[in-house]
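Architecture at a glance
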Amino acid sequence: MRISFEGKAVFVTGAASGLGKSTALLFAEHGADLSLLDVNEDGLAEVRSEIEAMGRRCMTQAVDVSAKANCDAAIAATVERYGRLDALCNVAGIVGLCSAGDVSEAYWNRTLAVNLSGPFYLCQAAIPHLLQTRGNIVNVASSGGLKAQAYLVPYSTSKAGLIHMTRCMAMEFMHQPIRINAVAPGAMDTDMGRHTELPEGIDMSLVQRFCNMRAPSQPDDVARLILYVASDLSPSLHGACLSVDTGISIG
Ligand SMILES: NC(=O)c1ccc[n+]([C@@H]2O[C@H](COP(=O)([O-])OP(=O)(O)OC[C@H]3O[C@@H](n4cnc5c(N)ncnc54)[C@H](O)[C@@H]3O)[C@@H](O)[C@H]2O)c1
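Now for a description of the structure that goes with this document. None of these values were measured; they are calculated from a predicted model. (Residues numbered from 1 in each chain as written. Predicted model: local features only at pLDDT ≥ 70, side-chain atom pairs only at ≥ 80, totals over all residues. Heavy atoms only, no water.)

Around the ligand, a shell composed of 30 residues is seen, among which Leu19, Asp38, Val91, Tyr155 and Thr190 lie nearest. Within the backbone of valine 39, a nitrogen or oxygen atom sits 3.5 Å from a nitrogen atom of the ligand. A distance of 2.9 Å is found between a nitrogen atom of the ligand and a side-chain nitrogen or oxygen belonging to aspartate 64. For the shell around the ligand, the secondary-structure elements that each account for two or more residues are helix 1 (18–29), strand 2 (33–38), helix 4 (105–133), helix 5 (153–172) and helix 6 (191–195). Per element, the largest residue contribution to the shell around the ligand is three residues, and it comes from helix 6. Here the shell around the ligand is composed, by residue class, of 17 nonpolar, eight polar and five charged. (Near = heavy atom within 4 Å. Polar contact = N/O pair within 3.5 Å; in protein donor to acceptor, adjacent residues only side chain to side chain. Helix = DSSP H or I, 4+ residues; strand = E, 2+ residues; numbered from the N terminus. Nonpolar A, V, L, I, M, F, W, Y, C, P; charged D, E, K, R; others polar.)

Here's what the structure looks like:
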């Protein structure tokens, strides 16, 4: 069976790099018009050029996902341009390792704002339009949202919240024509995966518990799961959180 997003509009956050970029390019390869959001304007411009070179339409919005007004405006602008919205992929996220006692109020609030509040605001804004197209939402969580991780308390808590937000939204819209799911990657070979620094003096035996035993995933590999979840090939997926983590979450 072939996946096609011809004639459909897909919204992707975090699209300037890593998994969001791979996701945006993969949807474009499968025929979608794209609406991309990220704080990285230059990165967005590069991805837009690649998508337009494939003959697909692409619009970009260089804004912070953590502000509700930005999310409302970004979804409204997308529907104004394409006349429809078929899928929302919440991929943008931030991470940092820090001992729990050293987490500042600002860092705690920022992590929850970007990783949890932003996706929720976008869901709120997108759902009325997704109901019209029988569309769907894919939230990118993390193995850290399923498994306890030392030194990542704000991040893992935000991702656990995102998984439960996905389930609660899926329950609330059980009787309406929309699917709402999450995917949970483990470590990926992206800027985030490569550049996350370990604080000094931490217990490495606790860190090793959440490190991949296999090689990190390539973002294209995870993007293929997002494409599948968002596609017509997965009509029974609703309220799911699918692990794509080379086995991290099993032990
Ligand atoms: N890399 C990993 O090892 C890993 C593991 C599990 C889950 N994840 C999740 O996968 C998703 C993608 O991560 P990635 O590895 O591609 O990282 P990345 O850093 O390459 O990409 C994240 C993107 O989000 C954007 N972004 C950050 N804050 C933003 C904000 N406030 N508003 C809008 N855009 C913002 C960044 O500019 C960047 O382009 C994230 O949600 C992350 O938590 C990553």
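What follows continues from the structure just given.
The biggest cluster of nonpolar side chains holds 36 residues, and the ones touching the most others in it are Val10, Phe27, Leu34, Leu36 and Ile51. Counting residues per element, the ones that place at least two in this core are strand 1 (9–13), helix 1, strand 2, helix 2 (41–53), strand 4 (87–90), strand 5 (136–140) and helix 8 (219–230). Of the residues forming this core, the biggest block, seven residues, is contributed by helix 8. Among all residues touching isoleucine 51, those that are not within four sequence positions of it are Ala24, Leu25, Ala28, Leu34, Leu36, Arg56, Arg57 and Cys58. Within the second largest apolar cluster, 26 residues are counted, among which are Phe11, Leu122, Ala126 and Ile163. (Core = buried A, V, L, I, M, F, W, Y, C linked by side-chain atoms within 4.5 Å. Buried < 20%, exposed > 50% of the residue type's maximum accessible area, 1.4 Å probe, protein only. Contact = heavy atoms within 4.5 Å.)

A few words now on the sheet that holds strand 7 (residues 241–244). Spatial strand order, 3-2-1-4-5-6-7: seven strands in an open sheet with parallel pairing. Taken across any chain shown, the strands that pair with only one partner, and hence form the sheet edges, are strand 3 (58–62) and strand 7. Strand-to-strand twist of the sheet, defined as the mean angle between neighbouring strand axes without regard to direction, takes the value 15°. Along the sheet, helix 1 makes contact with strand 1, strand 2, strand 4, strand 5 and strand 6 (179–185), crossing strand 1 at roughly 170°. (Pairing = 2+ DSSP bridges. Axes fitted to C-alpha atoms, helices over the stretch in contact; angles between N-to-C directions.)

A word on the packing of helix 1 against helix 8. The relative placement of two packed helices is expressed as an angle between their axes plus a distance between the axes. Look at helix 1 against helix 8: their axes get within 8 Å of each other, and the N-to-C directions meet at 55°. Relative to helix 8, the element helix 1 is oriented oblique. Crossing handedness for the pair helix 1 and helix 8: right-handed. In this structure, helix 1 uses Gly18, Leu19, Ser22, Thr23, Leu26 and Phe27 to contact helix 8, whose residues at the interface are Pro219, Asp220, Val222, Ala223, Arg224, Ile226, Leu227 and Ala230. Counted by class, the contact of helix 1 with helix 8 contains nine nonpolar, three polar and two charged residues. (Parallel < 35°, antiparallel > 145°, perpendicular 65-115°, else oblique. Left-handed = near helix turned anticlockwise from the far one by under 90°.)

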